[in-house]
Amino acid sequence: MTARAQPAQSPPISVVLPFFLLAPLGLIAAGFLATELGREALVAVNGRRTVAITHALALGWVTTTIMGACYQLAPVVLGGPLMSHWLARLHLVVHLVAVALFVWGMAWFNATWVGVAGSLAFASVLVFLVNVGRAVWRTRQWSIPRAYLACSTMFLLAGATLGLVFAGNLEHRWFTVSHGKLAAHAHLGLTGWVALTVMGVSYQLVPMFNVASRVKPRLAYPALALTSAGLVLFALIMWIDPPRDVRLLLAGVLLAGPLLWSVDQVRLLRGRVRRRMDIHGRGTVVSLCFLGLTVFLAVGAAWGSPFTPYAEPARWPLAYAAAGLLGWAGTAIIANSYKIVPFLIWFHRYRERTGKEPVPLIRDIADERLATLVLVAHSLATLVIIIGLLAGNLQWLQAGGGLLIVSGVAHLGSMLSMFLPKRSSRTTGVSTREVPM
Ligand code: HEM
């Protein structure tokens with residue numbers, strides 16, 4: 001069951017919006033670092049520059065956006081208040097300092113600063129969990145998004161704990177980091193935290209924004225159970241670097257949940273009442289296509305050499321991570337931002353004036369053509385990076401980095417442009433107090 005949204009419970013705009021506006025800086029930083037990637041990036045997945053890029057994207061761009069979205073969704077959709085609005089503002093500062101220090105420390109390798117940054121990043125995760133904990137864990141009514149967030153926040157904690165251990169290990173050398181151990185940490189973060197949150201939230205937002213109230217999701221809980229159980233199994237077994245057959249089996253188990261989820265999403269999209277697809281619908285379709293590519297690349301990455309060339313074994317795993325993070329999750333996040341940010345601006349700027357004077361509708365706040373251009377630029381950047389990685393072509397990889405900068409700047413610019421004064425596309429004022437889409 002999806003939850004009944006309660007827009008009146010929205011936190012102040014100064015709590016949520018800064019997360020959305022600052023997050024693209026992570027995308028832009030990752031693009032800059034990618035423009036100087038060298039051949040060594042294709043040899044090991046944990047080259048210093050690669051780890052800096054991964055975390056600029058995962059912790060900087062994606063996690064910052066998702067945390068901001070959770071601060072909005074917790075009171076409005078999950079039905080519980082945040083612990084403190086001031087804590088959320090402080091959290092953003094801690095999180096940004098942590099990510100900036102981590103990316104800088106990794107890119108210009110300084111193990112001590114990476115350790116400090118890792119501790120700050122871990123603290124940021126704890127503060128976030130405390131702040132949204134009441135909404136996620138203690139409200140009375142269960143809904144699909146809440147069940148997904150209850151699991152994804154636990155995986156975030158597990159992934160961040162391993163990340164902290166890895167960060168300390170860089171300086172103290174407690175153990176040898178292997179491909180399997182990295183995969184365990186990476187999947188707790190990417191599948192457990194990012195993918196499960198995107199999946200859960202889409203059960204709320206896809207029907208809401210595409211008006212698919214007649215179709216009910218059927219596979220939400222099986223998809224959640226399969227993904228969560230598959231991920232626990234995956235992380236435990238990958239830690240001991242199993243052989244290829246076991247890796248392929250684990251990949252199959254882990255992919256089953258997202259595939260079930262995608263069946264539900266296609267049903268919801270096909271059953272929509274609003275036939276014309278807006279930016280959210282288009283973004284969802286692109287995101288589902290990237291999920292298909294992610295599944296294909298995951299199998300290739302699990303297969304390993306010679307599928308992945310012996311001399312450059314990082315090509316397929318990195319292409320797989322790019323498809324999942326930039327493609328599947330990234331395009332969904334961009335599409336959602338063109339609904340959530342306009343809603344926030346409308347709600348806090350125009351809601352009080354409805355019925356008294358003509359006010360813009362929510363759809364007047366974002367420029368649909370600009371949003372589509374951003375989606376296209378981002379998808380193109382992702383595809384160029386994936387092709388560059390698979391082909392071992394550094395020029396393509398670096399060009400993809402350049403395109404990421406362009407799409408990140410455009411995304412940020414388009415969100416800032418929503419603050420400019422807007423005119424109503426209706427001639428008469430809205431006569432009710434309802435939220436006009
Ligand atoms: C407190 C938060 C985190 C810290 C301190 C942290 C730290 C680290 C460190 C130090 C490594 C490199 C290990 C080594 O090579 O010895 C690493 C690898 C990795 N981490 Fe994290 N991490 C955190 C959260 C995350 C999250 C949330 C994600 C994904 C959403 C993630 C994705 C990855 C990936 C994909 C790798 C594999 C290497 C690469 O390609 O970058 N990490 N992490």
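Refer to the structure presented above.
Please read these numbers as outputs of a predicted model, since none were measured by experiment. (Residues numbered from 1 in each chain as written. Predicted model: local features only at pLDDT ≥ 70, side-chain atom pairs only at ≥ 80, totals over all residues. Heavy atoms only, no water.)

A. Examining the overall build of the chain more closely. Helix and strand content of the chain: 14 helices and zero strands. If you list the helices and strands of the chain from N to C, you get α-α-α-α-α-α-α-α-α-α-α-α-α-α. Here the C-alpha radius of gyration of the chain, 21 Å, is about what a compact globule of 437 residues would show, namely 22 Å. Along the longest, intermediate and shortest principal axes, the C-alpha atoms of the chain span 65 × 40 × 40 Å. Out of the 437 residues belonging to the chain, those deemed buried represent 57%. (Helix = DSSP H or I, 4+ residues; strand = E, 2+ residues; numbered from the N terminus. Rg over C-alpha atoms; globule rule 2.2 N^0.38 Å. Buried < 20%, exposed > 50% of the residue type's maximum accessible area, 1.4 Å probe, protein only.)

B. The arrangement of the packing of aromatic side chains in detail. Tallied over the entire structure, the rule returns ten aromatic pairs. Each ring, one from Phe-166 and one from Trp-239, has its centre 6.4 Å from the other, and the planes form 10°; the classification is stacked. Note that Phe-166 is positioned in helix α6 (residues 144-172) and Trp-239 in the loop between α8 (220-238) and α9 (244-270), a separation of 73 residues in sequence. The class of Phe-166 is buried, set by a relative accessible area of 10%. Among the residues examined, Trp-239 registers a relative accessible area of 28% and is labelled partly exposed. In textbook terms, an aromatic cluster arises when at least three aromatic residues are bridged by ring pairs, as seen for Phe-19, Tyr-71, Phe-128 and Trp-193. Its guanidinium or amino end placed over the ring of Trp-108, Arg-49 lies 5.9 Å from that ring's centre, counting from NZ or CZ. Over the ring of Trp-142 we find Arg-146; its NZ or CZ atom is 3.8 Å from the centre of that ring. (Phe/Tyr/Trp six-rings, centres within 6.5 Å; stacked < 30°, edge-to-face > 60°. Lys NZ or Arg CZ within 6 Å of the ring centre and 35° of its normal.)

C. How the structure looks around the coordination of the iron atom of the ligand. At this site the iron atom of the ligand is bound by His-55 (NE2) and His-185 (NE2), with donor distances of 2.0 to 2.1 Å. Between the six donor atoms coordinating the iron atom of the ligand, the angles at the centre fall across 88 to 180°, so the site counts as octahedral. In this pair, His-55 sits in helix α3 (residues 48-78) while His-185 sits in helix α7 (residues 179-210), placing the two residues 130 residues apart along the sequence. Of the two residues examined, His-55 and His-185, each falls in the buried class. (Donors = N, O, S within 2.8 Å, 3.2 Å for Na, K, Ca; no water. Tetrahedral: all angles 85-135°; square planar, octahedral: opposite > 155°, others 65-115°.)

D. Geometry of the site of the ligand. The local shell around the ligand holds 27 residues, among which Val-45, Asn-46, Thr-54, His-55 and His-185 are the closest. A distance of 2.9 Å is found between an oxygen atom of the ligand and a backbone nitrogen or oxygen belonging to Val-45. Counting only elements with at least two residues in the shell around the ligand, the list comes to α3, α4 (85-107), α5 (111-138), α6 and α7. A breakdown of the residues in the shell around the ligand according to their chemical character gives 18 nonpolar, eight polar and one charged. (Near = heavy atom within 4 Å. Polar contact = N/O pair within 3.5 Å; in protein donor to acceptor, adjacent residues only side chain to side chain. Nonpolar A, V, L, I, M, F, W, Y, C, P; charged D, E, K, R; others polar.)

E. Representation of unusual backbone geometry within the structure. A positive phi angle, near 50°, is found at Arg-173, a position not held by glycine. Turning to its location among the elements, Arg-173 is positioned in the loop between α6 and α7. Classification of Arg-173 as exposed rests on a relative accessible area of 58%.

F. Quick look at the pattern of salt bridges. All chains considered together, the criterion is met by five salt bridges. Arg-282 is the partner of Glu-368 in a salt bridge, and the nearest nitrogen-oxygen pair spans 2.7 Å. Of this pair, Glu-368 sits in helix α13 (residues 368-391) while Arg-282 is found in helix α10 (residues 279-303), placing the two residues 86 residues apart along the sequence. Taking the relative accessible area as the measure of exposure, Glu-368 reaches 27% and is therefore partly exposed. The partner of Arg-315 in a salt bridge is Glu-312, and the shortest N-O contact between them spans 2.8 Å. The residues Arg-315 and Glu-312 share a single accessibility class, namely buried. (Salt bridge = Lys/Arg side-chain N within 4 Å of Asp/Glu carboxyl O.)

G. Highlighting the nonpolar core. In terms of nonpolar packing, the biggest core is built from 140 residues, with Tyr-71, Phe-128 and Tyr-148 touching the most fellow members. With 21 residues, helix α11 (residues 315-349) is the single largest residue contributor to this core. (Core = buried A, V, L, I, M, F, W, Y, C linked by side-chain atoms within 4.5 Å.)

H. Region of interest: the side chain of Ser-337. With respect to the element layout, Ser-337 can be found in helix α11. Within the structure, the side chain of Ser-337 is placed 2.6 Å from the backbone oxygen of Ile-334, a separation counted as a polar contact. Side-chain polar atoms of Ser-337 contact the side chain of His-411, separated by 2.9 Å. With near-sequence residues (within four places) excluded, Ser-337 lies in contact with Phe-20, Pro-342, His-411 and Met-415. (Contact = heavy atoms within 4.5 Å.)

I. A look at the packing of helix α2 (residues 24-34) against helix α14 (residues 394-417). Close contact between α2 and α14 brings their axes to 7 Å; oriented N to C, the two are set at 160°. Considered as vectors, α2 and α14 are oriented roughly antiparallel to each other. Crossing handedness for the pair α2 and α14: left-handed. Here α2 contributes Pro-24, Leu-25, Leu-27, Ile-28, Gly-31, Phe-32 and Ala-34 to the contact with α14, which in turn contributes Leu-397, Gln-398, Gly-401, Leu-404, Ile-405, Ser-407, Gly-408, Val-409, His-411, Leu-412 and Met-415. Looking at side-chain class alone, the contact of α2 with α14 contains twelve nonpolar, six polar and no charged residues. (Axes fitted to C-alpha atoms, helices over the stretch in contact; angles between N-to-C directions. Parallel < 35°, antiparallel > 145°, perpendicular 65-115°, else oblique. Left-handed = near helix turned anticlockwise from the far one by under 90°.)

J. Spatial organisation of a nonpolar patch on the surface. Among the surface-exposed residues, Trp-104, Trp-108, Trp-113 and Val-116 lie close enough to one another that they form a single nonpolar patch of about 430 Å² accessible area. Relative to the assigned elements, Trp-104 resides in helix α4. Judged by relative accessible area, which is 40%, Trp-104 ranks as partly exposed. (Patch = residues over 30% accessible without salt bridge, like charges linked within 9 Å, V, L, I, M, F, W, Y side chains within 5 Å. Areas by Shrake-Rupley, 256 points an atom, 1.4 Å probe, with all protein chains shown as cover.)

K. Seen up close, α11. Given a rise of 1.5 Å per residue, 35 residues ought to cover 51 Å, and the 47 Å separating the end C-alpha atoms of α11 matches this to within 8%. The buried fraction of α11 is high, at 32 of 35 residues. (Expected span 1.5 Å × (residues − 1).)

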